[in-house]
Amino acid sequence: MEGQEVTIAIIIIVLLVGALLAWLFIQRNRTRELRDRYGEEYDRTLEAKGGRRSAEADLVEREERVKKLEIRPLSASERDRFAGEWKDTKALFVDSPVEAVSRADRLLTDIMSTRGYPMADFEKRHADLTVDHGDVAKHYLAGHEIADRSSDATTEELRRAINHYEALYGEMTSEVSDADQRSTTEYREQNVSVEYGDVDSRDETAPVRPSGDPALRDRDRV
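Just so it is clear, the model here is predicted, and its values are computed rather than measured. (Residues numbered from 1 in each chain as written. Predicted model: local features only at pLDDT ≥ 70, side-chain atom pairs only at ≥ 80, totals over all residues. Heavy atoms only, no water.)

1. Comments concerning helix 7 (residues 134-148)
Compared with the 21 Å implied by 1.5 Å per residue over 15 residues, the 21 Å span of helix 7 between its first and last C-alpha is a close match. Inspection of helix 7 places Val136, Ala137, His139, Tyr140, Leu141, Ala142, Gly143, His144, Ile146 and Ala147 among the buried residues, and these make up the whole buried set. Against the buried residues of helix 7 lie helix 2 (40-49), helix 5 (97-115), helix 6 (122-132) and helix 8 (155-172). (Helix = DSSP H or I, 4+ residues; strand = E, 2+ residues; numbered from the N terminus. Expected span 1.5 Å × (residues − 1). Buried < 20%, exposed > 50% of the residue type's maximum accessible area, 1.4 Å probe, protein only. Contact = heavy atoms within 4.5 Å.)

So, in structure tokens, the structure goes:
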């Protein structure tokens, strides 16, 4: 009888160890997948939440939340309207950099709202954006951080904010609705790639594209 009890105990221990190893394997895989998917955002969330379990739970919750959203591309008329507003916003930078950055921040909020992103606070908007647009979500965060202190920011910092916002603007307006007959390539050439030549000739403080601005730090480049 004692031998049978020992056997049962050994089996239970083996099963428990196996279950523990399986759990550790699943957790390790999930951590690796989340790190690969979110990159810098994983580290930022880890620091903000103060622990791996809380950070990963937050990232998973984002994914579940975004799955329930009805995100749609802009229609042709919406896209054209936003293209005009974005062009005006960048032109405004010459005379009023602070106002231009504030206007860019509001315009991007409007674009995201039109596409179906919930308009809660900025942190929630940024979190939702990291799920499917991680590459430009970091630009949104960097631009917004400068916008929050725009009254004390230098002209160069405000220029970087516009460049960060332009990265997100291009991403948010690049998708084409089924009803739109024009190609995405044509749209980008005509409406997104706004030339800076005329603006630069008026004022050296006009924004330039990230790839052409040597003053930008590596993390600020698009």
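This is not the end of the story, as more comes after the structure.
2. Some thoughts on the packing of aromatic side chains
Inspection of the entire model under this criterion finds three aromatic pairs. Taken together, a centroid distance of 4.9 Å and an interplanar angle of 65° make the contact between Phe122 and Tyr140 edge-to-face. With Phe122 in helix 6 and Tyr140 in helix 7, this residue pair connects regions lying 18 residues apart in the sequence. Three or more aromatic residues joined by ring pairs make a cluster, and in this case those are Phe122, Tyr140 and Tyr165. A cation over a ring is seen here: Arg81 above Phe82, with NZ or CZ 4.3 Å from the ring centre. (Phe/Tyr/Trp six-rings, centres within 6.5 Å; stacked < 30°, edge-to-face > 60°. Lys NZ or Arg CZ within 6 Å of the ring centre and 35° of its normal.)

3. Describing a negative patch on the surface
Together, Asp121, Glu123, Glu145 and Asp148 make up a region of like negative charge exposed at the surface. As for its position among the elements, Glu145 is in helix 7. (Patch = residues over 30% accessible without salt bridge, like charges linked within 9 Å, V, L, I, M, F, W, Y side chains within 5 Å. Areas by Shrake-Rupley, 256 points an atom, 1.4 Å probe, with all protein chains shown as cover. Salt bridge = Lys/Arg side-chain N within 4 Å of Asp/Glu carboxyl O. Lys, Arg positive; Asp, Glu negative; His and termini not counted. Charge placed at Lys NZ, Arg CZ, Asp CG, Glu CD.)

4. Things to note about the pattern of salt bridges
For side chains of opposite charge, pairing can occur when their charged atoms come near one another. Tallied over the entire structure, the rule returns 16 salt bridges. Note that Glu41 and Arg44 form a salt bridge whose closest N and O atoms lie 3.0 Å from each other. Note that Glu41 and Arg44 are positioned in helix 2 at a spacing of three residues, about one turn of the helix. Residue class for Glu41 comes out buried when judged on its relative accessible area of 9%. We classify Arg44 as partly exposed; its relative accessible area is 28%. Ionic contacts of the salt-bridge type, sharing partners, join the residues Glu41, Arg44, Lys49, Asp58 and Arg62 into one network.

5. Some details on the environment of Arg159
Topologically, Arg159 is positioned in helix 8. Exposure remark for Arg159: the relative accessible area of 10% places this residue in the buried category. As a C-alpha pair, Arg159 and Gly143 span 16 residues in sequence and 9.6 Å in three-dimensional space.

6. Description of a nonpolar patch on the surface
A cluster of nonpolar side chains, contributed by Ile8, Ile12 and Leu16, occupies part of the molecular surface with about 290 Å² of accessible area. Examined against the element boundaries, Leu16 turns out to sit in helix 1 (residues 2-38). Taking relative accessible area as the criterion, Leu16 reaches 58% and is therefore assigned exposed.

7. A few points about the side chain of Thr89
Following the sequence through the fold, Thr89 ends up in helix 4 (residues 76-92). Using a relative accessible area of 0% as the deciding quantity, one classes Thr89 as buried. Residues in contact with Thr89, not counting those within four places in the same chain, are Ala100, Arg103, Ala104 and Leu107.

8. Structural notes on the packing of helix 5 against helix 7
Running from N to C, helix 5 and helix 7 cross one another at 135°; their axes reach a closest spacing of 9 Å. With respect to each other, helix 5 and helix 7 are oriented oblique. The crossing of helix 5 and helix 7 is left-handed. The residues of helix 7 that touch helix 5, namely those facing Val101, Asp105, Thr109 and Met112, are Tyr140, His144 and Ala147. Here the residues of the contact of helix 5 with helix 7 sort into four nonpolar, two polar and one charged. (Axes fitted to C-alpha atoms, helices over the stretch in contact; angles between N-to-C directions. Parallel < 35°, antiparallel > 145°, perpendicular 65-115°, else oblique. Left-handed = near helix turned anticlockwise from the far one by under 90°. Nonpolar A, V, L, I, M, F, W, Y, C, P; charged D, E, K, R; others polar.)

9. What about the environment of Val60?
Relative to the helices and strands, Val60 is located in helix 3 (residues 52-67). In this structure Val60 comes out as partly exposed when scored by relative accessible area, which is 25%. In this structure, the C-alpha to C-alpha distance between Val60 and Val131, residues 71 residues apart in sequence, is 9.4 Å. In this structure, Val60 is in contact with Arg30 and Leu34, ignoring residues within four places of it in sequence.

Purely geometric numbers; function is a separate question.
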